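# Examining the three-dimensional arrangement
The primary structure of each chain is shown beneath.
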Amino acid sequence: VCDGKENVVSFLNAVKDTTESTAFALVDIDYDWAKNEPPNYLENEHIFHYPAHSLESFKFFFKNDIFISNLDQTGNISFAIKCAVILGRLRAWNSWRDLGKSFENNRDNVKSAFNNAFPSRDHNLFLARLLEIFELGPEFYSNTLANHLNSAQMNDSFIIHGKDLHKFFIYMQYGGSFRLISNHELSLR
């Protein structure tokens, strides 16, 4: 068992010329699809990835869409998904550009922005706050970022970081939806 995609890729690159045995790996694609020049491992015939950002978002989007639509009568889940897409779009940019601010150092600010927008279910309020936090203007989000992602964009499952969506479900003050999703194994590996 390898710990992390970098270790998997390094290992398979090291043994690719070995004829005695064959190794295969399954990895999260993360935001590698958003890079101007996709990494070489995407062409390695021994490395596979699923049609989503991560295993968490793969399970969420591809196994349970009927369950989700039946469950989301309050709009909580739809709101969390929209916010996860917004954050994911910014993360996709940050994976190959320097925003000058780290997502890891701004977790509390992102949580606060989500919780402030949650009562009204206004994802535009969440977006406006994130653009303030990371010192980015609306022109960046609607023009620069949109142009880049539209040139390479997959569906929302490639944009959403499964762990972000999981956190947003936890942040929702009414935990019933999150408990149902957790019990249905939608959000955990």
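Above: the structure in question.
First, a word on scope: everything that follows refers to the structure included in this document. No experiment lies behind these values; they were computed from the predicted model shown.

Here the focus is the nonpolar core. Counting residues in hydrophobic clusters, the biggest one holds 53 residues, and the most contacted among them are L90, F114, F126, L130 and F168. For this core, the leading source of residues is helix α4 (residues 76-94), giving 12 residues. If sequence neighbours within four positions are ignored, F168 has contacts with A80, C83, A84, L87, V110, F114 and F126.

The next subject is the environment of T22. Note that T22 resides in the loop between α1 (5-15) and β1 (25-27). Given a relative accessible area of 55%, T22 falls into the exposed group.

Here the structure, examined in full by the defined rule, presents 12 aromatic pairs. Seen in terms of ring centroids, F24 and F48 are 6.0 Å apart; in terms of plane orientation they differ by 35°. Their pairing is tilted. Here F24, found in the loop between α1 and β1, pairs with F48, found in strand β2 (residues 47-49); they are 24 residues apart in sequence, far enough to count as distant. Overall, the relative accessible area of 42% leaves F48 in the partly exposed class. A network of ring pairs unites the aromatic residues F79, F114, F118, F126, F168 and Y171 as a single cluster. When the ring centre of F118 is taken as origin, the NZ or CZ atom of R121, which lies over that ring, is 4.2 Å away.

Our focus in this paragraph is the packing of helix α5 (residues 107-117) against helix α6 (residues 123-133). At their nearest, the axes of α5 and α6 sit 8 Å apart, and the two run at 155° to each other. The pairing of α5 with α6 is recorded here as roughly antiparallel in orientation. For the element pair α5 and α6, the recorded crossing hand is right-handed. Facing N109, V110, A113, F114, N116 and A117 of α5, the residues of α6 in contact are L125, F126, R129, L130 and I133. Residue composition of the contact of α5 with α6, by class: eight nonpolar, two polar and one charged.

Each value, and the rule that gives it
Residues numbered from 1 in each chain as written. Predicted model: local features only at pLDDT ≥ 70, side-chain atom pairs only at ≥ 80, totals over all residues. Heavy atoms only, no water. Core = buried A, V, L, I, M, F, W, Y, C linked by side-chain atoms within 4.5 Å. Buried < 20%, exposed > 50% of the residue type's maximum accessible area, 1.4 Å probe, protein only. Helix = DSSP H or I, 4+ residues; strand = E, 2+ residues; numbered from the N terminus. Contact = heavy atoms within 4.5 Å. Phe/Tyr/Trp six-rings, centres within 6.5 Å; stacked < 30°, edge-to-face > 60°. Lys NZ or Arg CZ within 6 Å of the ring centre and 35° of its normal. Axes fitted to C-alpha atoms, helices over the stretch in contact; angles between N-to-C directions. Parallel < 35°, antiparallel > 145°, perpendicular 65-115°, else oblique. Left-handed = near helix turned anticlockwise from the far one by under 90°. Nonpolar A, V, L, I, M, F, W, Y, C, P; charged D, E, K, R; others polar.

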